[in-house]
Amino acid sequence: MSDLLFMQEALTLARQAAAVGEVPVGAVVVKDGAVIGRGYNQPVSRRDPTAHAEIIAMRDAAQHLGNYRLTNCDLYVTLEPCCMCAGAMLHARIGRVIFAALDPKTGACGSVIDLFGEARLNHHTTVKSGVSADEAGVLLREFFAQRRQSND
């Protein structure tokens with residue numbers, strides 16, 4: 001499968017998050033061409049600040065593999081990871097992170113800081129951005145526009 005197809009699966013999960021009132025972010029973990037972990041944002045519904053799409057997808061993948069190390073895995077996510085998620089990806093040894101839309105407020109892959117670019121860390125992850133960025137951006141903008149309308 002291509003990056004675009006895996007990102008489409010992450011976007012489907014992001015739509016599930018939006019449908020339950022969560023910020024529309026979805027993520028999948030892929031190993032050897034197969035999805036082994038899935039997640040979408042759930043911090044509000046789970047009352048858990050760590051329940052970001054990426055964390056849930058990595059937990060699912062780790063259970064699937066029976067190991068917290070996710071070496072040789074790729075993580076696809078619809079929004080640039082935050083510091084918490086990027087740190088977890090480094091600890092899990094994710095090999096490649098592919099994200100759609102930039103996050104100019106909390107992005108840790110270059111928008112605000114670049115955690116993956118820190119040479120002093122002991123693990124290095126390849127980052128690719130912009131895959132389905134327009135589609136992910138529209139989903140996010142529509143979600144927040146609806147939220148602002150309902151708060152008026």
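The rules behind these values
Residues numbered from 1 in each chain as written. Predicted model: local features only at pLDDT ≥ 70, side-chain atom pairs only at ≥ 80, totals over all residues. Heavy atoms only, no water. Helix = DSSP H or I, 4+ residues; strand = E, 2+ residues; numbered from the N terminus. Buried < 20%, exposed > 50% of the residue type's maximum accessible area, 1.4 Å probe, protein only. Areas by Shrake-Rupley, 256 points an atom, 1.4 Å probe, with all protein chains shown as cover. Lys, Arg positive; Asp, Glu negative; His and termini not counted. Charge placed at Lys NZ, Arg CZ, Asp CG, Glu CD. Pairing = 2+ DSSP bridges. Axes fitted to C-alpha atoms, helices over the stretch in contact; angles between N-to-C directions. Contact = heavy atoms within 4.5 Å. Core = buried A, V, L, I, M, F, W, Y, C linked by side-chain atoms within 4.5 Å. Salt bridge = Lys/Arg side-chain N within 4 Å of Asp/Glu carboxyl O.

Here we come to the overall build of the chain. Within the chain, the secondary structure is distributed over five helices and five strands. Overall, the chain shows an N-to-C arrangement of helices and strands of α-β-β-α-α-β-α-β-β-α. By its C-alpha atoms, the chain is 45 × 30 × 30 Å across when sized along the principal axes. Taking all 152 residues of the chain together, the buried fraction comes to 47%. Carbon and sulfur atoms make up 52% of the accessible area of the chain, which amounts to about 7,800 Å² in all. Charged side chains in the chain number 15 positive and 16 negative. The centres of these two groups are separated by 4 Å.

Turning next to the sheet that holds strand 3 (residues 73-79). The sheet built from five strands is open, its strands ordered 2-1-3-4-5 with mixed pairing. Two strands lie at the open edges of the sheet, namely strand 2 (34-40) and strand 5 (126-129), each paired on one side alone. On average, each strand axis in the sheet is inclined to that of its neighbour by 15°, with strand direction left out of account. Here six bridges tie strand 1 (residues 26-31) to strand 2, and the two strands are oriented antiparallel to one another. Each bridged residue has a counterpart across the sheet, and for Gly26 the counterpart in strand 2 is Tyr40. In the packing of helix 3 (residues 53-65) onto the sheet, contacts are made with strand 1, strand 2 and strand 3, and the angle to strand 2 comes to roughly 140°.

A few words now on the nonpolar core. Among the nonpolar cores identified, the biggest contains 46 residues, and Met7, Val29, Met58, Leu70, Leu75, Met89 and Ile94 are the most heavily contacted of them. Those elements giving two or more residues to this core turn out to be helix 1 (3-19), strand 1, strand 2, helix 3, strand 3, helix 4 (83-92), strand 4 (96-101) and helix 5 (133-151). In terms of residue count, helix 1 provides more of this core than any other element does, seven residues in total. Apart from the residues within four sequence positions on either side, Val29 is in contact with Ala34, Val35, Ile36, Gly37, Ala57, Met58, Ala61, Cys73, Asp74 and Leu75.

In this structure, Val77 sits in strand 3. Exposure remark for Val77: the relative accessible area of 0% places this residue in the buried category. The residues touching Val77, leaving out its near neighbours within four places in the chain, are Met7, Val25, Gly26, Ala27, Glu54, Ile98, Phe99 and Ala100.

Attention now moves to the side chain of Asp48. Residue placement: Asp48 occurs in the loop between helix 2 (43-46) and helix 3. Here Asp48 sits buried without a salt bridge, and the closest side chain of opposite charge, Arg59, lies 4.2 Å off (N-O distance). Non-local contacts of Asp48, meaning those with residues more than four positions away in its chain, are made with Pro43 and Arg59.

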